[in-house]
Amino acid sequence: MLRRVAAGLLVLWIAATAAYLALLAAPGDIVDSIVGEGPDTPEIRAEIMREWGLDRPALVQYLDYLWRLAGGDLGRSYLLQRPVAEVIGEQVGPTFTLAAAAAALGVLLALLAALTTAGPRRPWLRRGVSTVELVLVSTPAFLIGIVLLSVLSFRFGLFPVSGDQGLAALVLPAVTLALPIAGLLAQVLRDSLDRALEEPFVLTARARGVVERVVLLRHVLRHALLPVVTLAGWQFSLLIGSTIIVEQVFGRPGLGQVVLNAVTSGDMPVVLAVVTLSAAVYVAVNTLADLAYLLVDPRLRRS
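Remember, predicted model here, so these are calculated numbers, not experimental data.

## Structural notes on the domain arrangement of the chain
- Domain annotation of the chain identifies domain 1 (1-85) and domain 2 (92-296).
- Computed from C-alpha atoms alone, the centre-to-centre distance between domain 1 and domain 2 is 34 Å.
- Across the contact, 22 residues belong to domain 1 and 18 residues belong to domain 2.
- Regarding the contact of domain 1 and domain 2, the summed buried area is about 1700 Å², with carbon and sulfur atoms giving 77% of it.
- Looking only at domain 1, the three residues that lose the most surface to domain 2 are Arg 4, Leu 12 and Leu 23, adding up to 28% of its buried area.
- Linking domain 1 to domain 2 there are 0 salt bridges.
- The interface formed by domain 1 and domain 2 holds 1 residue pair in polar contact (both at pLDDT 80 or more) in total.
- Breaking the side of domain 1 that touches domain 2 down by element, the ones donating at least two residues are helix H1 (2-25), helix H2 (30-35) and helix H4 (58-70).
- Here the side of domain 1 that touches domain 2 takes 10 residues from H1, the largest share from any one element.
- The residue makeup of the side of domain 1 that touches domain 2, split by class, is 17 nonpolar, 3 polar and 2 charged.

Structure, rendered in structure tokens:
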């Protein structure tokens, strides 16, 4: 666990540093963004530089940012004149709700596809499902969202076009994010199930007269889950980034609009906070995936 904590802190530091350096290299001037359409005089610019510490060397600003971040202080937004924690806290709920719904739906679809097509039975169904999975994995999530919007919202009017009003507005964004996840997880799980079906314990269970469905669900599935848990942890940890993009496609509230406004206006504290949040989610999800190994495989508890 200590090694895990140290590795997580290293990931957070690298992510925060990379975002800071990228924003320094980006075009545009932070003072221009803060001034906006208001009065612009040398005195006002000097006051802004002093208030935000922009007159200090970049290294000093960087070290100050790391110090504040270590203390849980995400700073203040340049443009909104509010603490960054408040800006993100107001929008993080819809984003995490969408990400959680997509993750759960992706796992459910992957289990259904893999369990239905594993083994030598129904080869025609297996080929068809594998083709669909390959198409989903190869297609960007935002393009899937545009297709779903065009067909199910614009053409048939089954779901809202945009917004966050009720469960119906969550369906299409969650499906958009879940389909690529399900396609990849199903491919890995099916291969793992096929290998597990050739193990001696499967032959023993069949010799005892255990029904094939019970063999698959009770014995083979758990044996085949380890590589899927690893891949799922990696996919879920990257889900926040995809969610931010899909939110823009469906016009949903969340971190997507916050990030877009912050990037276009050069609001550095907000951008750095979102990057750090994404890195923290990555560390947390992968740590939980490692701990899930102990639940999936009891042998690891004794090793």
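Read on for the rest.
## Digging into the nonpolar core
- One finds Ile 88, Leu 185, Leu 189, Leu 193, Val 220 and Leu 239 to be the most contacted residues of the largest nonpolar core, which totals 56 residues.
- When residues of this core are traced back to their parent elements, those giving at least two are helix H5 (84-117), helix H7 (141-155), helix H8 (168-196), helix H9 (200-207), helix H10 (212-237), helix H11 (239-250), helix H12 (255-265) and helix H13 (268-296).
- Here this core takes 13 residues from H8, the largest share from any one element.
- Not counting chain neighbours up to four residues away, the residues in contact with Val 220 comprise Leu 193, Ala 196, Leu 197, Phe 201, Val 202 and Val 215.
- If you look at the next biggest cluster of nonpolar residues, it comprises 12 residues, including Ala 16, Tyr 20, Ile 48 and Tyr 65.

## Some remarks on the UniProt feature "transmembrane region" (unreviewed entry) in the chain
- The positions that UniProt labels "transmembrane region" (unreviewed entry) are, in the present scheme, residues 96-119, 131-154, 166-186, 224-250 and 270-296.
- The span residues 166-186 shows a helical share of 90% and a strand share of 0%, and its end C-alpha atoms are spaced 29 Å apart.
- Regarding residues 270-296, the helix share stands at 100% and the strand share at 0%, and the terminal C-alpha atoms are separated by 39 Å.

How each quantity is defined
Residues numbered from 1 in each chain as written. Predicted model: local features only at pLDDT ≥ 70, side-chain atom pairs only at ≥ 80, totals over all residues. Heavy atoms only, no water. Domains from an automatic or database assignment. Contact = heavy atoms within 4.5 Å. Buried area = accessible area lost by both parts, 1.4 Å probe. Salt bridge = Lys/Arg side-chain N within 4 Å of Asp/Glu carboxyl O. Polar contact = N/O pair within 3.5 Å; in protein donor to acceptor, adjacent residues only side chain to side chain. Helix = DSSP H or I, 4+ residues; strand = E, 2+ residues; numbered from the N terminus. Nonpolar A, V, L, I, M, F, W, Y, C, P; charged D, E, K, R; others polar. Core = buried A, V, L, I, M, F, W, Y, C linked by side-chain atoms within 4.5 Å. Buried < 20%, exposed > 50% of the residue type's maximum accessible area, 1.4 Å probe, protein only. UniProt positions renumbered as here; feature names shortened; annotations may be inferred.

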